[in-house]
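Chains, contacts and geometry: an overview
Listed below, chain by chain, are the residues.
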Amino acid sequence: MQTFLIKNINIVNEGQTGTGDVLIRNGKIEKIAGSIDIPSGVTEIDGEGKYLLPGVIDDQVHFREPGLTHKATIYTESKAAVAGGVTSFMEMPNTVPPAFTLDLLENKYEIGRNHSLANYSFFIGTNNQNAADALMANQHKDRICGIKAFMGSSTGNLLVDNPLVLEKLFAESEMLIATHCEDERIIKANLQKAHESGRELTAADHPVIRNEEACFESSFYAIQLAKKHGSRLHILHISTEKELQLFTNMLPLKDKRITAEVCVHHLHFTADDYAIQGNRIKCNPAIKAPHHREALWKALLDDRLDVIATDHAPHTVEEKQEPYPKAHAGVPLVQHSLPLMLYYVKQGKISIEKVVEKMSHAVADCFQIKDRGYIREGYQADLVIADLHAPFAVTKENILYKCGWSPFEDVDGNGTPFEFPASITHTFVNGNLVYGNGQWNESVKGERLLFNR
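The paragraphs below set out a description of the structure included in this document. Predicted, not measured: the structure shown is a model, and the values here were computed from it.

All right, on to the overall build of the protein chain then. Of the regular secondary structure elements, the protein chain holds 13 helices and 20 strands. Its C-alpha atoms give the protein chain a radius of gyration of 21 Å, within 12% of the compact-globule value 22 Å for 453 residues. Burial analysis of the protein chain (453 residues in total) assigns 60% to the buried set. At a minimum sequence separation of 6, the contacts of the protein chain that also span at least 24 residues come to 76%. In the protein chain, the 46 positive side-chain charges and the 58 negative ones have mean positions that sit 3 Å from each other.

The structure is reproduced here in structure tokens:
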């Protein structure tokens, strides 16, 4: 394994930015100092003017393997992730077959061991029949990120809406429970009402059908269950202003039993963008009216929202081009999440220290991840170098998702790509320079995440 010395770089860590050197040896951060003499046999990287960040930890992705590999694979999407500065991911169970048992979950870990360029963990799934199987994960809570419960509309047979099953999960889980919260009954009633209008529905109807009330009622129910049983609840992809009243910033994150995630597409797009993007930004929960986006930003900055993720969910172009509501829901985002947040840094919307907090530190704390998420001596060297003065535009040629498209390819309906003001130049995973200035070293794979539980 190579030894690296990053010289004269702006180190962003734990709320501060300062210039210094970082020595990477044997997969770990060995030394951080104002100046480090260059040891023999070391590869030096000049960080002058650039920024060193802890690698992004994305707590919600859908990499589609096994069973849906026409959309994506763990290899292709982990490569896209690494190119975008994401060094660790937690992947969802709605594959084919769904990861409902420890054996099926272990099959996914085996794929990760053999093919993932980033570090990995996988949620075990639940439905109305398999609570006992999902709770077997309690025995491995130091090696599995959590239990995923779709408490609302979902693909396949992953819906959990039986109150007795939910009571059992919340009462007996010793692990974090991550929930997708949308009320199935409200959505079905809204869809029926929309169909009764007699007009052809489009993606612009999506936030009306999957509306604020559907999200709030389901999130409120999940929180009631968590408070009743003292569960560790993490509600994914908050998308509405009303839900924000359910969360607090009165406790440090490490003391919270109920936490919340916001996704980059809900911070960037609004319902106004359906006119240009159409089904390309159809996702669940829906991207909603502009006032929701502004409320999400406020709650992110005041710490009611704890982490930023992507809910990366690739589909083929053909699947997205089907008429609404048949068009598949989900957006590919993992390659562009950190560049997008660095765009907002340049816009003055958020500080780079806050981006690092919400995409790295807070995710590690929220999930109790062992030795990752910070730039600390002795921690795994999951590190990213960003050049805030190296713009790039999203094109077919530089998209690494297997699906081959991105909503950032066309921002005006005339083929104009979104231009990010900052680029990721280097990504280290466990001390290996997997991506550096467009060059790849895929000889060493990522590692399974471990948890201090």
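Right, let's talk about the pairing of strand S3 (residues 28-33) for a bit. With 5 bridges joining them, strand S2 (residues 16-25) and S3 adopt antiparallel strand pairing. Paired with leucine 23 across the two strands is lysine 31, which belongs to S3. In textbook terms, the turn of a hairpin is the stretch between consecutive antiparallel strands, and for S2 and S3 this stretch comprises 2 residues, one of which, asparagine 26, has a positive phi near 55°.

Now for the pattern of salt bridges. Summed over all chains, the structure comprises 29 salt bridges. The residue lysine 7 makes a salt bridge to aspartate 21 at a minimum N-O spacing of 2.5 Å. Taken together, the residues lysine 7 in strand S1 (residues 3-13) and aspartate 21 in strand S2 connect sequence positions 14 residues apart. Taking the relative accessible area as the measure of exposure, lysine 7 reaches 10% and is therefore buried. Note that glutamate 30 is salt-bridged to arginine 25, the shortest N-O span being 2.8 Å. For glutamate 30, a relative accessible area of 38% translates into the label partly exposed. Within the structure, one salt-bridge network assembled from shared partners comprises Glu106, Glu110, Arg113 and Arg448.

Orientation of helix H1 (residues 74-83) relative to helix H2 (residues 102-115), taken along the N-to-C sense of each, is 55°, at an axis distance of 10 Å. In terms of their interaxial angle, H1 and H2 are classed as oblique. As H1 runs across H2, the sense of the crossing is right-handed. Each of Ile74, Tyr75 and Ser78 in H1 lies in contact with H2, whose residues at this interface are Lys108, Ile111, Gly112 and His115. Looking at the contact of H1 with H2 residue by residue, the class counts come to 3 nonpolar, 3 polar and 1 charged.

Of all hydrophobic cores here, the largest spans 98 residues; its most connected members are Leu305, Leu338, Met341 and Leu342. Of all the elements, helix H12 (residues 337-346) adds the most residues to this core, at 7 residues. With sequence-adjacent residues up to four places away left out, leucine 305 is seen in contact with Ile238, Leu244, Ala260, Glu261, Val262, Leu296, Ala299, Leu300 and Lys358. Listed in part, the 34 residues of the second largest apolar core include Phe4, Leu52, Ile57 and Tyr374.

Attention now goes to the environment of threonine 270. On the secondary structure map, threonine 270 appears in the loop between helix H8 (264-268) and helix H9 (274-277). Separated by 48 residues in sequence, threonine 270 and glutamate 318 have C-alpha atoms that sit 23 Å apart. Aside from chain neighbours lying at most four places away, what touches threonine 270 is Ile281, Ile287, Lys288, Ala289, Pro290 and Arg293.

As a further point, take the packing of aromatic side chains. Summed over the entire model, instances satisfying the criterion amount to 18 aromatic pairs. Measuring from centroid to centroid gives 6.2 Å for phenylalanine 89 and phenylalanine 122, while their planes differ by 80°, and the two rings are edge-to-face. Residue phenylalanine 89 is located in strand S7 (residues 86-91), and its partner phenylalanine 122 is located in strand S8 (residues 119-122); the two are separated by 33 residues in the primary sequence. Neither residue differs from the other here; phenylalanine 89 and phenylalanine 122 are each classed as buried. On the basis of an interplanar angle of 55° and a centroid distance of 6.2 Å, the ring pair of tyrosine 109 and tyrosine 120 is categorised as tilted. With tyrosine 109 in helix H2 and tyrosine 120 in strand S8, this residue pair connects regions lying 11 residues apart in the sequence. A single burial state applies to tyrosine 109 and to tyrosine 120, both of which are buried. Here the aromatic cluster, defined as three or more aromatic residues joined through ring pairs, consists of Phe269, Trp297, Tyr343, Tyr344, Phe392, Phe408, Phe418 and Phe420.

Here we take up helix H5 (residues 184-196). Taking 1.5 Å of rise per residue, the 13 residues of H5 would be expected to cover 18 Å, and the 18 Å separating its terminal C-alpha atoms lies within 8% of that figure. Along H5, the residues that are buried comprise Glu184, Ile187, Asn190 and Ala194. Buried residues of H5 fall within an arc of 130° about the axis and therefore sit on the same side. Facing away from the buried side of H5 by more than 90 degrees, the exposed set consists of Arg185, Lys188, Lys193 and Glu196. The inward-facing, buried residues of H5 abut helix H6 (206-209) and helix H7 (212-229). N-capping of H5 is provided by aspartate 183, with a side-chain oxygen placed 3.0 Å from the backbone N of arginine 185. Two residues or fewer past H5, glycine 198 is found with a positive phi of approximately 85°.

The rules behind each value
- Residues numbered from 1 in each chain as written.
- Predicted model: local features only at pLDDT ≥ 70, side-chain atom pairs only at ≥ 80, totals over all residues.
- Heavy atoms only, no water.
- Helix = DSSP H or I, 4+ residues; strand = E, 2+ residues; numbered from the N terminus.
- Rg over C-alpha atoms; globule rule 2.2 N^0.38 Å.
- Buried < 20%, exposed > 50% of the residue type's maximum accessible area, 1.4 Å probe, protein only.
- Contact = heavy atoms within 4.5 Å.
- Lys, Arg positive; Asp, Glu negative; His and termini not counted.
- Charge placed at Lys NZ, Arg CZ, Asp CG, Glu CD.
- Pairing = 2+ DSSP bridges.
- Salt bridge = Lys/Arg side-chain N within 4 Å of Asp/Glu carboxyl O.
- Axes fitted to C-alpha atoms, helices over the stretch in contact; angles between N-to-C directions.
- Parallel < 35°, antiparallel > 145°, perpendicular 65-115°, else oblique.
- Left-handed = near helix turned anticlockwise from the far one by under 90°.
- Nonpolar A, V, L, I, M, F, W, Y, C, P; charged D, E, K, R; others polar.
- Core = buried A, V, L, I, M, F, W, Y, C linked by side-chain atoms within 4.5 Å.
- Phe/Tyr/Trp six-rings, centres within 6.5 Å; stacked < 30°, edge-to-face > 60°.
- Expected span 1.5 Å × (residues − 1).
- Arc of directions from axis to C-beta.
- Polar contact = N/O pair within 3.5 Å; in protein donor to acceptor, adjacent residues only side chain to side chain.

Note that all results are geometric; they support no functional claim without further evidence.
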